[in-house]
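Structural overview
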2 protein chains.
Amino acid sequence: MALVVQKYGGSSVADADKIKNVARQAVAAREEGNHVVVVVSAMGKTTNNLITLANQVTDSPDERELDVLLSTGELISSTLLAMALRTLGVEAISLSGAQAGIRTDSVYSRARILGVDPNRIKKELEKDRVVIVAGFQGITEEMDITTLGRGGSDTTAVALAVSLGADRCEIYTDVEGVYTADPRLVPEARKIEDIGYDEMLELASSGAKVMHSRAVELGEVYKMPILVASSFTDEPGTLIHGGASVEIANKVRGIAHDLNVAKVTVVGVPDKPGVASAIFEPLAKANISVDTIVQNASINKITDLTFTVAKSDSAKAMKVIEPVVKSIGARECVSDTKLAKVSVIGAGMQTAPGYAARMFSALYEAGINIELITTSEIRITCIIDEAKTEDALRTLHKAFELEKGL
Amino acid sequence: MALVVQKYGGSSVADADKIKNVARQAVAAREEGNHVVVVVSAMGKTTNNLITLANQVTDSPDERELDVLLSTGELISSTLLAMALRTLGVEAISLSGAQAGIRTDSVYSRARILGVDPNRIKKELEKDRVVIVAGFQGITEEMDITTLGRGGSDTTAVALAVSLGADRCEIYTDVEGVYTADPRLVPEARKIEDIGYDEMLELASSGAKVMHSRAVELGEVYKMPILVASSFTDEPGTLIHGGASVEIANKVRGIAHDLNVAKVTVVGVPDKPGVASAIFEPLAKANISVDTIVQNASINKITDLTFTVAKSDSAKAMKVIEPVVKSIGARECVSDTKLAKVSVIGAGMQTAPGYAARMFSALYEAGINIELITTSEIRITCIIDEAKTEDALRTLHKAFELEKGL
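Residues numbered from 1 in each chain as written. Chains lettered and ligands numbered in written order. Predicted model: local features only at pLDDT ≥ 70, side-chain atom pairs only at ≥ 80, totals over all residues.

**As for the sheet that holds strand E16 (residues 332-345) of chain B**
Strand pairing in a sheet relies on backbone hydrogen bonds. The paired strands run either parallel or antiparallel. Residue and element names in this part refer to chain B. Rules: DSSP bridges decide pairing: two strands pair if at least two such bridges lie between them. Counting from the N terminus, the helices are the DSSP runs of H or I reaching at least four residues and the strands are the DSSP runs of E reaching at least two. Orientation is described by axes fitted as lines to C-alpha atoms, over the contacting stretch for helices, and by angles from 0 to 180 degrees between their N-to-C directions. Contact definition: two residues whose C-beta atoms, as placed from backbone geometry, lie within 7 Å.
Taken together, 6 strands build an open sheet; the order of strands is E14-E15-E13-E16-E18-E17 and the sheet is antiparallel. This sheet does not close on itself; its edge strands, each paired only once, are strand E14 (290-295) and strand E17 (370-376). This sheet shows a mean twist of 30 degrees between the axes of neighbouring strands, independent of strand direction. Sheet topology note: the E14/strand E15 (residues 302-309) ladder contains 4 bridges and is antiparallel. Bridging across to E15, Val294 finds its partner in Thr306. Running over the sheet, helix H9 (residues 275-285) touches strand E13 (254-270), E14 and E15 and is turned about 125 degrees from E13.

**Notes on the relation of the copies chain B and chain A**
Quick reminder of the rule: A residue counts toward the fit only if its pLDDT is at least 70 in both copies, and the copies are then superposed by least squares on the C-alpha atoms of those residues.
By a simple turn and slide, chain B fits onto chain A: the slide is 0.1 Å along the axis, the RMSD is 0.2 Å, and the turn is 179 degrees. This pairing of chains is accounted for by a two-fold axis. Measuring from the rotation axis to each C-alpha of chain B, the shortest distance belongs to Thr72 of chain B, at 2.8 Å.

**Focus on the sheet that holds strand E10 (residues 194-196) of chain B**
All names here are of chain B. The strand order across the open sheet built from 8 strands is E3-E6-E2-E1-E9-E11-E12-E10, with neighbouring strands paired in mixed fashion. On the outer flanks of this sheet lie strand E3 (92-95) and E10, each paired with one strand and no other. Across this sheet, the average inter-strand angle for adjacent strands is 20 degrees, counted without regard to direction. Bridge analysis of strand E1 (residues 2-8) against strand E9 (residues 168-173) gives 5 bridges, and the strand direction is parallel. Bridge pairing in E9 places Val4 opposite Arg168.

**Regarding the interface of chain B and chain A**
The condition that has to hold: Residues are grouped as follows: Ala, Val, Leu, Ile, Met, Phe, Trp, Tyr, Cys and Pro are nonpolar; Asp, Glu, Lys and Arg are charged; every other residue, Gly included, is polar.
In this assembly, 26 residues from chain B lie in contact with 26 residues from chain A. For the side of chain B that touches chain A, the secondary-structure elements that each account for two or more residues are helix H1 (16-31), helix H2 (46-57) and helix H3 (63-87) of chain B. Element by element, the count of residues in the side of chain B that touches chain A is highest for H3 of chain B, at 13 residues. Of the residues belonging to the side of chain B that touches chain A, the class tally is 15 nonpolar, 7 polar and 4 charged.

**A word on helix H7 (residues 213-221) of chain B**
Residues and elements named next belong to chain B. Heads up, the rule is: The burial label depends on the number of other C-beta atoms within 10 Å of a residue's C-beta. Counts of 20 or more mean buried, 12 or fewer mean exposed, and intermediate counts mean partly exposed, with C-beta atoms placed from the backbone.
Counting buried positions along H7 gives 7 out of 9 residues, so the element sits mostly inside the fold. Looking at H7, one finds that the buried residues are Ser213, Arg214, Ala215, Val216, Leu218, Gly219 and Glu220. For H7, the secondary structure elements touched by its buried residues are helix H5 (152-164), E9, helix H6 (197-205), strand E11 (226-230) and strand E12 (238-241). Positive phi appears at Lys223, one or two residues downstream of H7, with a value of about 55 degrees.

**Observations regarding the nonpolar core**
Applied cut-off: Connectivity within a nonpolar core runs through C-beta atoms within 7 Å, and the core itself is a set of buried Ala, Val, Leu, Ile, Met, Phe, Trp, Tyr and Cys residues.
Counting 245 residues, the largest nonpolar core has Leu81, Ile132 and Leu160 of chain A together with Leu81, Ile132 and Leu160 of chain B as the members making the most contacts within it. Leaving out residues up to four positions away in the same chain, Leu81 of chain B has contacts with Val13, Ile19, Val22, Ala23, Val38, Val40 and Ile132 of chain B.

**Topic: the confidence of the model for chain A**
Detailed reading of the predicted coordinates is not advisable wherever pLDDT falls low. Selection criterion: pLDDT expresses, on a scale from 0 to 100, how confident the predictor is about each individual residue.
Model confidence for chain A is summarised by a mean pLDDT of 91, while 97% of its residues fall at 70 or above. Both scores are available for the predicted complex, with the pTM at 0.84 and the ipTM at 0.81.

**Considering the environment of Ile195 of chain B**
Residues and elements named next belong to chain B. Mapped onto the fold, Ile195 is located in strand E10. The class of Ile195 is buried, set by 27 C-beta atoms lying within 10 Å. Here the alpha-carbon distance between Ile195 and Ala347, two residues 152 residues apart in the chain, equals 9.5 Å.

**With respect to helix H11 (residues 355-365) of chain A**
Residues and elements named next belong to chain A. Definition in use: Here the arc refers to the directions that run from the helix axis out to each C-beta atom.
Of the residues making up H11, those classed as buried are Tyr355, Met359 and Leu363. Taken down its axis, H11 places every buried residue within 65 degrees of arc, on the same side. Opposite the buried face of H11, at more than 90 degrees from it, the exposed residues are Ala357, Ser361, Tyr364 and Glu365. Elements in contact with the buried residues of H11: strand E16 (332-345), strand E17 (370-376), strand E18 (379-385) and helix H12 (389-399). Of the residues one or two after H11, Gly367 is the one with positive phi, at around 75 degrees.

**Digging into the domain arrangement of chain A**
Filter applied, for reference: Each domain's limits were defined by an automated method or a database of domain assignments.
By domain assignment, chain A separates into domain 1 (2-174) and domain 2 (255-404). Centre-to-centre separation of domain 1 of chain A and domain 2 of chain A, based on C-alpha positions: 37 Å.

Dropping the structure here:
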């Protein structure tokens, strides 16, 4: 008997009717002859409401307590789904992250899964039950509740699929799968039938919101096939797996964008050892994550140093950098918060030349100025004016003929 | 260092401000030199809201799942209280029933506490922390969540006080203590300073809502002093303990009433063996709890049999009884749902005569007809017309001079 782990996000269990719908889908998977484990997120806005409640009590909620508080959201949705399944005549049981054996470290609010003890789930599956697991949460060695942070429920699902030896992990969400670009901005965007882990990772970390890179990484390490599909339609979705790259070599798979980009430039930096660390150490200490770093060729031992951060961090970054500018003898420090990142991604790019050139010339012909460029083996990213994002996406989608499929 | 267990009910933690208020009270108890363990109920209407949610998903929620669902209410209030305490600069930690070591049987929705493993709480107290425990819940041997049913959080508090060897258990609620009668109906009603377990048990089971008899029983068995007081005032409250009865012998302590009473009379019952069991077995099977049973002296081997049930059960009881009336050859079956129960309670009554006579004559002089009478060693209960409840309470309060105090 095959085993499928399904995960349903907050919008898929937002109210009683949607929960009943999810129950019917789990039953359908069961009637196809599978054992079924279902991981759920909290209903719709539950998590935000709980955070609001905490903020009414205190400005700085204790992280351990906040984790217990937030973990109740998934407990609620998991019990409701179990009830809905029983009403359909199917044996079902809900388990908390702790009961499901999700063991984590004790870094509250962003705990990492250390291991999974699948015994309880296996026992329940042997009783021919559908097992519902509260996502996003686990338990420390000291029996304290933790939450897994961003992408937590997806990570729960993939980790359970791996530890149970599932045949695949299905992530149900409010979009129909992974697209060649955001279909709200690029009408010609096409759903991708299957994609490699690497490519999906680059898409996710370049701004594609459909799935968090953390869960994809876990899938990649253990070669767990992950299906991303909509819980609201019967469309087939996108399969993320290890075998895709071979077939689709020499192809750009998708274009991601990210509007959460700000640029900081330190102007007139003396080009001498220790300057970079003088700038980036205080940023790291202030817990500001720096994305791209570019240093211009130095002229007369004077150079400009530019880096990007999340928009929400840009004011803080400027505040941290200003005293450094003086101490290292640089001229000044300027920031630009009206930027976006567009990335072209495809495993084929690492073996075939010409993709970068085609990207730059397409943007040039569309009159879009490139502020910064960074690349990985399978990704080329340009930072551009935020106002040109939609233009850039459509231009690149066309330039790489993504509307045509494989 | 003394140890105090405090319990705060749903109205005492109904919103953020009330939770902050509870935090200040716990801090005050700590500053008096006590270790403090706080047991909390769910905030205000949380439990009802969760039940509504379950009913939106299914007409018959599975009891195991419902218990997990409802247990989240106390998790939420316990974490918020821990946050509020930390904001006041006091080390605090919330524990679920499971983490607090509350072990129960697996009778969902009304589980009984089998034992308490106090190690985790002790460890936290040793770190000089205030420990907040989610009330109303426990865990089975199989690590499944249970809820304790009516009076659950009070029972959690007393059970923890007993197992931790606390100096006393304090139950904070929205009333100032135990009164000689309901002060909303009897303006002269006086707060009782201290009362014996037995008397409190009779008061509670005769309709006094201030505390559930289950927690009082537990307190009695282990001789744990229980203080009942308001969380909204500094008034001293009522102490329930074992030593009270001696001092106050020969005294009526209080008058309880219960409006949830219906009477069913089976008329013209042949007085022969097996008739009573023919009537009461089907009621027990239908899960209808029968309170008082009275059988008139039989005339010509024909008698009437009267019993009382909760108002909400009366229609169901009639339905169950009607076929029985035919099968045993009785004449008919009638019900009256407009009744109330008034009870006079005092440990002194068992050693001194005349209390029943004084009660009956007081009611007679006030023109109140007595439908049924039942007694225990320390209680006399009359069932009367519901409309006369207030009259009866005032009359009896005066007749037994309860306004005068000890």
